[in-house]
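Each chain, written out:
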Amino acid sequence: MHLQAGNGEAAVADLGGSIITGVDGNPLAVLARQLGIPLHDINGDNVPLYLRDGTQLDTAVDMQVDKVFNKLLDTSADLGDQLGSCSDALSLQAALDGLWHREAKRIRRQEQQQQALEQQQQHRVDCLMHEQFVAQQQQLQPLLQNSWLQLHHNCRLATQPLWQPLQPPPPLQSHPEANQPQLQPQLAPSSEQQQQQWQGLSGSLSLDKARDALMQWHFANIEFADAAGLGSLSVRHWDLDSEHEHEGAHVFLPGGNLRLLQGLVQGVPILYKARARLVQYSTSGVQVHTDAGVITADAALVTVPLGVLKRQDGLMFQPPLPNRKRVAIRKLGFGCLNKVVMLFPYSFWGSKDMFGHVRTDGKHRGLYYLFYTYAGISGGAVLAALVAGDAAVAFEQQNRAATVKELLQLLRDMFEPQGATVPDPLQAVCTHWGSDPLFCGSYSSVAVGSSGATDYDAMAKPLGNRVFFAGEATTSRYPATMHGAFATGLREAANIMAAFAKERGEQLRPSLDQTAVLEAPDEATVAAGQQLANLPKQIQQLFQLCGSADDTAACETLEFGAFRAVYGPPGSDLQNKAIVAINLAALRKGTKGKGATTTAYTVLSRSQLDLLSELQGGDERRVGVLVGQLGVKLVSRPVDGDMQQLLQASCASNACSGHVALAQQ
């Protein structure tokens, strides 16, 4: 969306999806690069978390709570696996609440035990000190018969703690444990010291409340990822896509994701103000009834959000959808994630990509719990506040002006104690995805009672090869993601092409004619094929022979990094050429990786090998020069003439076992 203020300030911000989650292998990241759109890596390390009064919670403290949080998630996953289908009616909220309550009690009990132990140890130290004092008094008593000495001694005592010895105390034979390390006052930070540390990091919050507030913030983060409250998520299936997540950085697209759409829709006709109301389908085709008229086609691809399909008055189908698809629509969840996007005259939050707000009341944990800062990528000082979970639903009932006022006061409470001045926004936009009739929510989740992947698969099933379905709610691998929606569109484009190719009697790829009579190959062809199949084994044998300590091997070799080379026989025309083995597995691991099986072979000249061996920058740079500048193609199965000629000469020279002269075809 374009934000425009009256003073000429302008910027761009995404009101919906804004992050490409994991760029490695992500089709949207590939598309962005193809379109020449830069990617902005999101710095998610050490995200500052603030209380309302501006106090920043220490990152190390949050990491401690995060460790417990991940332990709770692992335990809840184990619980779902153990209960099996019996856990389908159990929500993630119920599981986490019970586990966190138990874990919090265990932590408090452990702290109380530690505090009691510290008090006990201190009491023992005090007792020993008192006994030392009494013993010293008994030793000095004979010397204090003179009244003047008695008076002088009393004056000295008045200026010292009662337990402090007047001279180094003698060993106490009756209490040998007094000299043991555990009774010395050099202990680990006490529970009282930890409490003081937490209060220094979290204002007036007690240790228990600070811990619980941080845990609730992490719960809100799950509600953001799933656009649903924890109470509606299935403990068994809520994270079914976790094993398919893309690796790599999470990124923003400078200028917004609209740039991707602009690149995709070039030359594509789009009919606006034509909301689809009814899809009629049969074996002969489809008719889509819209506000702008009826569109007749061979097939239709339905990509409307799951929330629209859930509504009785959303999108109708005739004949009605199959029962299995209707069950999937009903069982899968579709919740809300809302934003307040504000354009300011300047940024007051520093250079961070995001920051969090930790609330002390768990009931509203998702309200403005996280802020995205778009100042460096949107063209203006743009700040987006996220509202997740149950708070996102209640948020849509608020008045827009009251919402902006409430949020602005929160920002001032957080940043003005830090010395920043928070100005009035030039423009503010509040999303209401749940009440928008074209969306009815944000994205899908696995709700309590859903069967998970089975329901997503049912959503993707076509209707008689005439009506096809795509969108994030039709994939169990990448649900609730932009790249999942995009990938399913590519999937269905291929399915439509395949369906109509069969209908026209076409074949997508040629098949083998089973009726054709194949001629038997001649003996020379068979022999050449066998020799070709033996090439990798012969190369490995040659490298083993030349790498041994046997002085009889007539080999000149060279080894550097992941490269090993065996030159042609000395004195021959091939002595300045070499068969080169490149251990690709070792290249990936950054080690020689003996025993690795991924090896590429090629033929290089002596001068090329000299160049590579002298290069600085390691094997990655060597491979880059080899492929980029020298134009060498790496193959895992050597078949070219130079390779065959070199192998034949080298094996003949070194008497490789099983060597057979290569056919000269």
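What counts and how
- Residues numbered from 1 in each chain as written.
- Predicted model: local features only at pLDDT ≥ 70, side-chain atom pairs only at ≥ 80, totals over all residues.
- Heavy atoms only, no water.
- Helix = DSSP H or I, 4+ residues; strand = E, 2+ residues; numbered from the N terminus.
- Axes fitted to C-alpha atoms, helices over the stretch in contact; angles between N-to-C directions.
- Parallel < 35°, antiparallel > 145°, perpendicular 65-115°, else oblique.
- Contact = heavy atoms within 4.5 Å.
- Nonpolar A, V, L, I, M, F, W, Y, C, P; charged D, E, K, R; others polar.
- 1 Å grid on protein atoms, 1.4 Å probe; cavity = no way out; pocket = protein on both sides within 12 Å on 5 of 7 lines; lining within 4 Å.
- Points joined across faces, edges and corners; volume = space filled by probe spheres on them.
- Pairing = 2+ DSSP bridges.
- Buried < 20%, exposed > 50% of the residue type's maximum accessible area, 1.4 Å probe, protein only.
- Arc of directions from axis to C-beta.
- Disulfide = S-S within 2.5 Å.
- Polar contact = N/O pair within 3.5 Å; in protein donor to acceptor, adjacent residues only side chain to side chain.
- Phe/Tyr/Trp six-rings, centres within 6.5 Å; stacked < 30°, edge-to-face > 60°.
- Salt bridge = Lys/Arg side-chain N within 4 Å of Asp/Glu carboxyl O.

1. With respect to unusual backbone geometry
Looking along the chain, the bond that leaves Gln-318 and enters Pro-319 is cis, with omega of 0°. For Ala-227, which is not glycine, the phi torsion reads 50° and is therefore positive. We note that Lys-273 has phi near 55°; this positive angle belongs to a residue other than glycine. Note on placement: Lys-273 falls in the loop between helix H7 (258-264) and strand E7 (276-282).

2. Digging into the packing of helix H1 (residues 27-34) against helix H13 (residues 482-503)
Look at H1 against H13: their axes get within 8 Å of each other, and the N-to-C directions meet at 85°. Looking at the two axes, H1 sits roughly perpendicular to H13. Contacts between H1 and H13 involve Pro-27, Leu-28 and Leu-31 on the former and, on the latter, Met-482, His-483 and Phe-486. For the contact of H1 with H13, the per-class residue count stands at five nonpolar, one polar and no charged.

3. Focus: empty space enclosed by the protein
A full pass over the atoms with the stated rule returns one cavity of 30 Å³ or more. Here the largest cavity defines a volume of roughly 70 Å³. Considering the residues around the largest cavity, the lining is formed by Val-12, Ala-13, Asp-14, Ser-18, Phe-252, Leu-253, Gly-255, Gly-256, Tyr-374, Ile-377 and Ser-378. For the lining of the largest cavity, the residue count by class is six nonpolar, four polar and one charged.

4. Points about the sheet that holds strand E21 (residues 563-567)
Spatial ordering of the open sheet is given by E20-E21-E22-E23, a layout of four strands whose pairing is antiparallel. Strands with a single pairing partner mark the edges of an open sheet, and in this sheet they are strand E20 (557-560) and strand E23 (599-605). Averaged over neighbouring strand pairs, the angle between their axes works out to 20° when direction is ignored. Bridging between strand E22 (residues 577-583) and E23 involves seven bridges; their strand directions are antiparallel. The residue of E23 that forms the bridge with Ile-579 is Val-603. The sheet contacts of helix H16 (residues 606-614) involve E20, E21, E22 and E23, and relative to E23 the element is tilted by about 115°. Along the sheet, helix H17 (residues 618-628) makes contact with E20, E21, E22 and E23, crossing E21 at roughly 55°.

5. What to know about H17
In an α-helix, one turn spans 3.6 residues; hence positions three or four apart end up facing the same way. Within H17 the residues assigned to the buried category are Asp-619, Arg-622, Val-623, Val-625 and Leu-626. The buried side chains of H17 occupy one side of the element, clustering within an arc of 160° when seen end-on. In H17, the exposed positions that point more than 90 degrees away from the buried face belong to Glu-620 and Gly-628.

6. Concerning the state of the cysteines
Going through the model one piece at a time under the given rule, you end up with one disulfide. Paired through a disulfide, Cys-546 and Cys-555 show a sulfur-sulfur distance of 2.0 Å. Judged by the sign of its S-S torsion, about -55°, the bond between Cys-546 and Cys-555 is left-handed. Exposure remark for Cys-555: the relative accessible area of 22% places this residue in the partly exposed category. Cysteine Cys-440 shares no disulfide, and the gap to the nearest cysteine sulfur, in Cys-336, comes to 9.3 Å. The class of Cys-440 is buried, set by a relative accessible area of 13%.

7. Concerning the side chain of Asn-26
Tracing the chain through its elements places Asn-26 in the loop between strand E2 (10-12) and H1. Here the side chain of Asn-26 touches His-483 through a polar contact of 3.2 Å, side chain to side chain. When near neighbours in sequence (up to four residues on either side) are disregarded, Asn-26 contacts Ile-20, Thr-21, His-246 and His-483.

8. Describing the packing of aromatic side chains
If you walk through the whole model with that rule in mind, you get 17 aromatic pairs. Ring centres of Phe-355 and Phe-371 lie 4.8 Å apart, and the angle between their planes is 10°; on these two criteria the pair is classed as stacked. Taken together, the residues span a long stretch of sequence, with Phe-355 in strand E14 (residues 354-357) and Phe-371 in strand E15 (residues 370-373) at a distance of 16 residues. Judged by relative accessible area, Phe-355 falls into the buried class, the value being 0%. The buried category is assigned to Phe-371, whose relative accessible area is 0%.

9. Examining the pairing of E14
Alternating residues of E14 divide into Met-354 and Gly-356 and Phe-355 and His-357, and every residue in both groups is buried. With two bridges connecting them, strand E4 (residues 49-50) and E14 associate as parallel partners. In the strand pairing of E14, Leu-49 is matched with Gly-356. Sheet analysis places E14 next to E15, joined by three bridges and oriented antiparallel. If you follow Gly-356 over to E15, its bridge partner there is Leu-370.

10. Here's the deal with the sheet that holds strand E16 (residues 381-387)
Spatially, E5-E4-E14-E15-E16-E13-E17 is the arrangement adopted by the seven strands of the open sheet, whose pairing is mixed. Edge positions in the sheet fall to strand E5 (56-57) and strand E17 (427-430), since each has one partner strand and no second. The strands that helix H11 (residues 400-415) touches are E4, strand E13 (338-344), E14, E15, E16 and E17; relative to E13, the one it contacts most, it runs at about 70°.

11. Looking at the pairing of E20
As defined by bridge partners, E20 adjoins E21 across four bridges and the pair is classed as antiparallel. Bridged to Thr-557 within E21 is Val-566.

12. Quick look at the pattern of salt bridges
The final tally for this structure, using the stated rule, is 13 salt bridges. Across the salt bridge formed by Arg-365 and Glu-223, the nearest N and O atoms sit 2.8 Å from each other. Here Glu-223 lies in helix H6 (residues 207-226) and Arg-365 lies in the loop between E14 and E15, a separation of 142 residues in the sequence. The exposure class assigned to Arg-365 is buried, which follows from its relative accessible area of 11%. Residue Glu-223 is classed as buried on the basis of its relative accessible area, which comes to 2%. Put simply, Arg-491 and Glu-492 hold a salt bridge, and the shortest N to O gap is 2.6 Å. Residue classification places Glu-492 among the buried positions, given a relative accessible area of 2%. Through salt bridges with shared partners, a single ionic network connects Lys-71, Glu-103 and Arg-106.

As far as function goes, none of this settles anything; it's purely spatial.
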